[in-house]
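Spelled out from the first residue to the last, the chains are:
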Amino acid sequence: MLQVARIRGGHVLKGTVRAAGSKNASLPLLAASLLTGETVTLRNVPDLSDVRYMAEILGHQGAIVANPEPGVWTVRAEQISHRTPYDLVRKMRASVCLLGSLIGRLRQAEMAIPGGCVIGPRPIDLHLKGLEALGCVVTVEAGVVQVDASRARGDMVFMGGPMGSTVLGTANIVMAATLTPGVTRIECAAREPEVVDLCTMLIQMGAKIRGHGTGIIEVEGVASLHGCDHTVIADRIEAGTYLVAGAITGGDVTVTHCDPSHLTTFLDKLREAGVQVETGPDFIRAHGKPTQAVEIITEPYPGFPTDLQAQFMALQLLVDGRSTVTEKIYPARFMHAAELQRMGAEIAIDGATAAIYGDRPLSGAPVMASDLRASAALILAALIAKGETWVQRLYHLDRGYERFEERLRSLGADVERLPASDLPKGFAED
Ligand code: EPU
């Protein structure tokens, strides 16, 4: 059943919310569980449609996957197939991170290439180039990539592309290299905390990895890996989203069970915008409204995360003057801007830069979520719009936010999830 969110703006958000486990860490960690025939237990896994879908794919590969209690998943991959067909990968682009674990474990993989998505073309050329650098024979035919890694050996791999290093590309090479003979040296490796979390778990499984968290990761291949019990890191993007929810309403929100060191650039920009930010070892508090126009530029970690760009743009709508957002990861990731304009925002897009002329009156409207982070941004903008906003295509939100509307409500927001049939007359159900 299609669902929509109805938001009535004008409430100040106050309170505490606990960060969930990271989606973008959980997906490669689940994939990595195929690197061993022993049981891998993952804790603090968020309850999201993307996670459930990845678990389903692992099941199709032949693994025994269970979710014995909320947040805990176990995977036992004694016998697995090296084939991942298109009907499995097409729904979730992140399924590409199975490539590294299948190659590591089976020395071969056959995977349909996932398509692009609304935020951009999303090629996998760097993943494939990296595998070739390890001596894998890679062929692409009829939308399917075949990898023969029987002669692969550790070597130098460069993971930089026109937009900087690739996150899942780095994850794939690290996973493949754990069980590839010799030493693999990954240059221009992604430094994202999610890649570090993957390496932490792989080391616990017996892998020999050093340098994770820096631009050079070295992996020394071992003969086999064993099971482990790993707790997923907190979701920095989700944490940042709740902090924006507080700040946009001029409220006072604390996110607990998170790591402030994973959000330094974002917090710096919040402060520059005039929001009061306090951090402790595992919490972040943001209070007060933004008052200053700021410029943000999205970049690979530790730069400003592209996955918080849409939410930050919603915040910039409040501030008098000209704020800018420059997208250096996905230059066309501005689908949310058109929907924000329907609510009264004044945003001008020129190439990869959006200029936001803030302090315009916003009013509730029916809007369409185009992707995961855009859907969050629309709900955030709706918190300060006059009247009712109806956000359609809520399934995008459920890919990456666990019980979002329920948790916003606990902070004082007026947000309801309703069947699409409840849309007011004249608002098309899609
Ligand atoms: N790129 C290439 N060639 C490649 C791979 C990437 O040109 O072979 C380009 C991309 O087109 C993009 C840039 O390099 O312009 C960075 O892409 P990257 O490979 O780092 O992205 P990803 O690993 O596919 C992950 C997250 C995304 C997040 C990006 C960037 C997961 C499951 N996904 O994707 O998360 O935006 O890193 O930080 O970890 C989201 O959660 O909403 C989301 C889209």
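Structural data are supplied above this passage.
Rules used in this analysis
- Residues numbered from 1 in each chain as written.
- Predicted model: local features only at pLDDT ≥ 70, side-chain atom pairs only at ≥ 80, totals over all residues.
- Heavy atoms only, no water.
- Pairing = 2+ DSSP bridges.
- Helix = DSSP H or I, 4+ residues; strand = E, 2+ residues; numbered from the N terminus.
- Axes fitted to C-alpha atoms, helices over the stretch in contact; angles between N-to-C directions.
- Phe/Tyr/Trp six-rings, centres within 6.5 Å; stacked < 30°, edge-to-face > 60°.
- Buried < 20%, exposed > 50% of the residue type's maximum accessible area, 1.4 Å probe, protein only.

Caption draft 1: Broad picture of the sheet that holds strand β10 (residues 156–158). Taken together, four strands build an open sheet; the order of strands is β10-β13-β15-β14 and the sheet is mixed. Strand pairing shows two members of the sheet lacking a second neighbour, β10 and β14 (208–210), which therefore form its edges. Direction aside, neighbouring strands of the sheet carry axes that sit 20° apart on average. With three bridges joining them, β10 and strand β13 (residues 183–187) adopt parallel strand pairing.

Caption draft 2: Region of the structure containing the packing of aromatic side chains. Applying the stated criterion across every chain yields a total of five aromatic pairs. Their ring planes at 55° and their centres at 6.0 Å tell us that Phe 266 and Phe 304 sit as a pair that is tilted. Here Phe 266, found in helix α9 (residues 264–272), pairs with Phe 304, found in the loop between β20 (295–298) and α10 (309–316); they are 38 residues apart in sequence, far enough to count as distant. Exposure remark for Phe 304: the relative accessible area of 2% places this residue in the buried category. When the centroid spacing of 4.8 Å and the interplanar angle of 45° are considered together, the rings of Tyr 401 and Phe 404 count as tilted. Aromatic rings pair up to connect Tyr 242, Tyr 401 and Phe 404 into one cluster.

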